[in-house]
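Residue strings, one per chain:
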Amino acid sequence: MPYYYNYGDFLANNIYCILLIPVMILSLWAQAQVSGNFRRYGAIDNRRRLTGAQAAEAVLHAHGVYDVPIRSCRGKLTDHYDPRDNTIYLSDSVYTAPTIAAVGVAAHEAGHAVQYAENYGPVRLRGAIIPATQIGSKFSFILLIIGMALYSQTLFLAGILLFSLTTLFQLVTLPVEFNASARAIETIEGQGLLEGDEIGGAKKVLRAAAMTYVAALLMSALQLLRFVLIFLGRSNNGRRGGSR
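Each value, and the rule that gives it
Residues numbered from 1 in each chain as written. Predicted model: local features only at pLDDT ≥ 70, side-chain atom pairs only at ≥ 80, totals over all residues. Heavy atoms only, no water. 1 Å grid on protein atoms, 1.4 Å probe; cavity = no way out; pocket = protein on both sides within 12 Å on 5 of 7 lines; lining within 4 Å. Points joined across faces, edges and corners; volume = space filled by probe spheres on them. Helix = DSSP H or I, 4+ residues; strand = E, 2+ residues; numbered from the N terminus. Nonpolar A, V, L, I, M, F, W, Y, C, P; charged D, E, K, R; others polar. Core = buried A, V, L, I, M, F, W, Y, C linked by side-chain atoms within 4.5 Å. Buried < 20%, exposed > 50% of the residue type's maximum accessible area, 1.4 Å probe, protein only. Contact = heavy atoms within 4.5 Å. Phe/Tyr/Trp six-rings, centres within 6.5 Å; stacked < 30°, edge-to-face > 60°. Lys NZ or Arg CZ within 6 Å of the ring centre and 35° of its normal.

A. Geometry of the layout of surface pockets. For the largest pocket, the calculated volume is near 770 Å³. If you go around the largest pocket, you meet 28 residues; those closest to its centre are Asp79, His80, Glu109, Glu177 and Tyr213. For the lining of the largest pocket, the elements supplying multiple residues, two or more each, are helix H1 (3-41), strand S2 (80-82), helix H4 (100-117), helix H5 (121-150), helix H6 (153-190) and helix H7 (197-242). Residues that form the lining of the largest pocket fall into these classes: 14 nonpolar, 8 polar and 6 charged.

Rendered as C-alpha cells:
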C-alpha cells in the first residue's frame, strides 16, 4: 500500500487532535457550569415558593397550552419533554422543588412543549430528521471503519454522509434549545414567576445548559471534518498514485 495513504491519515488525525483540545475544554467547562449552577441555585428557594411543576404549568397556560401532562421521573438532570406522548417529565430535584433552578429548568422544558403546540419550524425539522439520524448513528461508523480498513473510498464516503446527519441534527438542535430557553425566560419575567436577582440565577442555569449543546455540535463537526480530510487526502493521493 502506498505510503502517502498513511501520511494523509496521519495529517488529518493531527489536525483533529489539535482542534480537539479547545473543544474538549469547552465541553468540560460547560458540564462543570451546568452542575455548579444547578447545585448553587438548586439550593436557593424562590420567593414565591413555586415548584418546578407549578412553573412548567404556568408557562404552558401563559401560551394557551392546557393538554400537556407534567410528571415526575427518576434521576438527576433527566428533565425533558417527550413529543411522543406529549408529556413533560421533571426529575425529583425539579418537580417538587421550590428553587430558582427548578423554575428555570421546568420553564425550559415547558418551552419545548409550547414549540410543538405552535408548530415551531426548527423543532418540526428536528423531529423529521430523527429517523435518518438514528440510521446514521447506527451504521456510519461501521461503514467508516470498513472503508478505512479496505481503503474503499465508496464505503468511506457513504459513512461520511451518514455521519453528517448526526452533525446536522446537532446543528438544528441549537435554535430549538436557545428558543426554548428564551421562551422560558420571557414567561418567567412576564408572569413574575421569579423576582429580581432570581431571574439572573435562572438565566445562568439555562445558559450553561445551552453551552453543552454548542460543545456537542463542535465535537460532531470536528469529527466530520476529520473524516472529510482523510477522504480528500486519500482521493488526492490515489490520483497521484494512478498518474505514475
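B. Here's a closer look at the nonpolar core. Judged by nonpolar contacts, the single largest core of 39 residues is most densely connected at Leu60, Ile88 and Ile188. Looking at which element gives the most residues to this core, the answer is H4, with 11 residues. Filtering out sequence-adjacent residues up to four positions away, Ile188 remains in contact with Val103, Gly104, Ala107, Leu193, Leu194 and Ile199. Counting residues in each nonpolar core, the second largest holds 9 residues, with Leu144, Phe156, Ile160 and Ile230 among its members.

C. Focus on the packing of aromatic side chains. Per the stated rule, a full pass over the model turns up 5 aromatic pairs. A centroid spacing of 6.2 Å and a plane angle of 80° characterise the contact between Phe141 and Phe227, whose relative ring orientation is edge-to-face. One end of the pair, Phe141, is in helix H5; the other, Phe227, is in helix H7, with 86 residues separating them in the sequence. For Phe141, a relative accessible area of 38% gives the class partly exposed. Every member of this aromatic cluster is reached through a ring pair, and the members are Phe141, Phe156, Phe163 and Phe227. The side chain of Arg234 reaches across the aromatic face of Tyr151, ending 4.2 Å from its centre.

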